Amino acid sequence: MRAIWMVVGFLALALGVVGIFLPLLPTVPFLLAAGFAFGKSSARLHRWLLAHPRLGPPIHDWNERGAISRRAKLLASLSILAAFSISWFMGFGARVLVIQAITLVCVSLFIWTRPDR
C-alpha cells in the first residue's frame, strides 16, 4: 500500500509543479495531495516537500491557517476568467456556460474568503 501512496504522491507533485507554469491547472490542491500521500508512504519525502523553499510555504499556510496567498488568489482568479472565456469563445451552449459560471463563482468566493498569509 505504501507504494501506491508514493505513486499517488509523485503524480500529485508532478501535477502541482506543472500547475506552477500552466494557468488553468491548480497548484496548491495537488501539493496538499502530494503531502498527504507522502505522509502515508515516506516520511523522508514528506519532510522534503514541507521543507522545500518554493513548495512548502503554501502547504504550511493552508495547514496552519487555511490561508491562500494574495498572489495565488489573483492567479486563480485569472485562471478562472481564462477558463470561462475559453468556453465562451468556443461557443458552448448557454446551459453549460451558466453551470460553469455558477461553479466558478462559488470557487472564487471560497478562494477570496480564505485569509491571506
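Criteria and cut-off values
- Residues numbered from 1 in each chain as written.
- Predicted model: local features only at pLDDT ≥ 70, side-chain atom pairs only at ≥ 80, totals over all residues.
- Heavy atoms only, no water.
- 1 Å grid on protein atoms, 1.4 Å probe; cavity = no way out; pocket = protein on both sides within 12 Å on 5 of 7 lines; lining within 4 Å.
- Points joined across faces, edges and corners; volume = space filled by probe spheres on them.
- Helix = DSSP H or I, 4+ residues; strand = E, 2+ residues; numbered from the N terminus.
- Nonpolar A, V, L, I, M, F, W, Y, C, P; charged D, E, K, R; others polar.
- Salt bridge = Lys/Arg side-chain N within 4 Å of Asp/Glu carboxyl O.
- Buried < 20%, exposed > 50% of the residue type's maximum accessible area, 1.4 Å probe, protein only.
- Phe/Tyr/Trp six-rings, centres within 6.5 Å; stacked < 30°, edge-to-face > 60°.

Peer 1: Outline the layout of surface pockets, supporting the account with residue identities and numerical values.
Peer 2: When its volume is computed, the largest pocket comes out at roughly 1,000 Å³. Lining the largest pocket we find 37 residues, and of these Pro26, Thr27, Val28, Ala72 and Ala76 sit closest to its centre. Those elements that provide at least two residues to the lining of the largest pocket are helix 1 (2–21), helix 2 (28–41), helix 4 (56–65), helix 5 (70–89) and helix 6 (94–113). By residue number, the principal contributor to the lining of the largest pocket is helix 5, which donates nine residues. Its residues assigned to classes, the lining of the largest pocket comprises 28 nonpolar, four polar and five charged.

Peer 1: Can you break down the pattern of salt bridges residue by residue, with the values?
Peer 2: Applying the stated criterion across every chain yields a total of four salt bridges. Linking Asp116 and Arg70 is a salt bridge whose minimum nitrogen-to-oxygen distance equals 2.6 Å. With a gap of 46 residues between them, Asp116 in the segment after helix 6 and Arg70 in helix 5 connect regions that are remote in the sequence. The exposure class of Arg70 is partly exposed, given its relative accessible area of 46%. Here the salt bridges do not stand alone but share partners, grouping Asp61, Glu64 and Arg65 into one network.

Peer 1: Describe the packing of aromatic side chains, naming the residues involved and giving the relevant values.
Peer 2: Each pair of aromatic rings is reported with the distance of its centres and the angle of its planes. For the coordinates displayed, the defined rule picks out four aromatic pairs. On the numbers, 5.4 Å between centres and 80° between planes, the contact of Trp5 with Phe36 is edge-to-face. In this pair, Trp5 is assigned in helix 1 and Phe36 in helix 2, connecting sequence segments 31 residues apart. A residue is classified by how much of its surface remains accessible, and Phe36, at 48% relative accessible area, is partly exposed. With a centroid separation of 5.2 Å and 75° between ring planes, the pair formed by Phe10 and Phe38 is classed as edge-to-face. Of this pair, Phe10 sits in helix 1 while Phe38 sits in helix 2; the two residues are 28 residues apart in sequence, bridging distant segments of the chain. For Phe10, a relative accessible area of 41% translates into the label partly exposed.

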